[in-house]
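# Breakdown of the fold
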Amino acid sequence: MLMNMVSNSDHFRVETIEVIGNHKLTDQDVIDLSDIRQGVRTFDLDLEIIGQKLAENDWIQHAVVERKLPRGIVIRLREREAVFIINLDYLFYVDHSGEIFKVLRAGDPLNYPLVSGLDRQQLLDEPQHSRQQLQQVATLIDLLAQRQVFNLQELSQIRIDQKEGLILYTRLYGVPIKIGHDMFADKLDRLEKIYPELETRLPHLNYINLNVPEKVIVKKMTLPPAS
């Protein structure tokens, strides 16, 4: 009886909605997605269902909705963070965990590294292996973001090769840099030691191979014989 009186009391109508943890979405975006309206009785809200509804949004990884009695609601979010864009006929954002979570639409930012080399059929046939490859790409991008000499600004794209592993392409002249499947930090260390010298030679290079231990293999272009 007492609980019914409390839950039906006008004293427990929502006046404030606080949103915590949002960066991509505005407070109003989240409130609109929650469909919570000021004046509704707080005990009439199914907070678990509202959280599940919020998590249907591409940018929201997890949402918890709480009462802040007597008149408040708190929405706590964990948003996804895009790390790179993958080309799968359409362009998609991918997060740190290697999850493909959002197709790009008009107006979405394009200032992320571009990745190619996977196709939809591979994702369907080998989902776990494909996810691991995408996680490798995210790891490599995190390392490149911390570099001073060869970093994301020097990169045009990354390609996933099923045999050779990851291949970087330079922003200038699109020279392939074969970096393989692992030990990315060590390989980038070796590359950065000589990259200022290599940069002037990029127009004449076929590829750079970092997969030989303790070496940087540079393959020059083969010029056609003079006629």
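Residues numbered from 1 in each chain as written. Predicted model: local features only at pLDDT ≥ 70, side-chain atom pairs only at ≥ 80, totals over all residues. Heavy atoms only, no water.

A few words on the layout of surface pockets. A volume near 200 Å³ is recorded for the largest pocket. Along its surface, the largest pocket is lined by Leu88, Phe92, Gly98, Glu99, Ile100, Arg120, Leu123, Pro127, Ser130, Arg131 and Leu134. Where the lining of the largest pocket is concerned, the elements lending two or more residues are helix 4 (120-125) and helix 5 (127-145). Sorting elements by how many residues they give to the lining of the largest pocket places helix 5 first, with four residues. Per-class residue counts for the lining of the largest pocket are six nonpolar, two polar and three charged. (1 Å grid on protein atoms, 1.4 Å probe; cavity = no way out; pocket = protein on both sides within 12 Å on 5 of 7 lines; lining within 4 Å. Points joined across faces, edges and corners; volume = space filled by probe spheres on them. Helix = DSSP H or I, 4+ residues; strand = E, 2+ residues; numbered from the N terminus. Nonpolar A, V, L, I, M, F, W, Y, C, P; charged D, E, K, R; others polar.)

The packing of two helices is summarised by the inter-axis angle and the distance between the axes. At a minimum axis separation of 10 Å, helix 5 and helix 6 (residues 184-199) run at an interaxial angle of 40 degrees. Accordingly, the angle class assigned to the pair helix 5 and helix 6 is oblique. Note that helix 5 runs across helix 6; the crossing there is right-handed. Contact residues: Gln136, Leu140, Leu143 and Leu144 in helix 5; Phe184, Ala185 and Leu188 in helix 6. Class assignment of the residues belonging to the contact of helix 5 with helix 6 gives a composition of six nonpolar, one polar and no charged. (Axes fitted to C-alpha atoms, helices over the stretch in contact; angles between N-to-C directions. Parallel < 35°, antiparallel > 145°, perpendicular 65-115°, else oblique. Left-handed = near helix turned anticlockwise from the far one by under 90°. Contact = heavy atoms within 4.5 Å.)

Among the surface-exposed residues, Asp89, Asp119, Asp125 and Glu126 lie close enough to one another that they form a single negatively charged patch. By the element assignment, aspartate 125 lies in helix 4. The exposure class assigned to aspartate 125 is exposed, which follows from its relative accessible area of 53%. (Patch = residues over 30% accessible without salt bridge, like charges linked within 9 Å, V, L, I, M, F, W, Y side chains within 5 Å. Areas by Shrake-Rupley, 256 points an atom, 1.4 Å probe, with all protein chains shown as cover. Salt bridge = Lys/Arg side-chain N within 4 Å of Asp/Glu carboxyl O. Lys, Arg positive; Asp, Glu negative; His and termini not counted. Charge placed at Lys NZ, Arg CZ, Asp CG, Glu CD. Buried < 20%, exposed > 50% of the residue type's maximum accessible area, 1.4 Å probe, protein only.)

Turning our attention to the sheet that holds strand 7 (residues 114-116). With mixed pairing, the nine strands of this open sheet are ordered in space as 6-5-4-7-8-9-10-11-12. Because the sheet does not close on itself, it has two edges, and the strands there are strand 6 (100-103) and strand 12 (217-220). With direction set aside, neighbouring strand axes in the sheet form an average angle of 25 degrees. Note: strand 4 (residues 84-88) against strand 5 (residues 90-94), five bridges, orientation antiparallel. (Pairing = 2+ DSSP bridges.)

Moving on, we come to the side chain of glutamine 122. Looking at where glutamine 122 falls in the secondary structure, it is placed in helix 4. Classification of glutamine 122 by relative accessible area gives buried; the value is 17%. Once residues lying within four places of it in the same chain are set aside, the contact partners of glutamine 122 are Gly117, Pro127, Ser130 and Gln162.

This part covers helix 3 (residues 47-54). Here helix 3 has its buried residues at Leu47, Ile50, Gly51 and Leu54. Down the axis of helix 3, the sector holding all buried residues measures 100 degrees, keeping them to one side. Turning to helix 3, the residues buried within the fold contact helix 2 (27-34), strand 2 (60-68) and strand 3 (72-79). (Arc of directions from axis to C-beta.)

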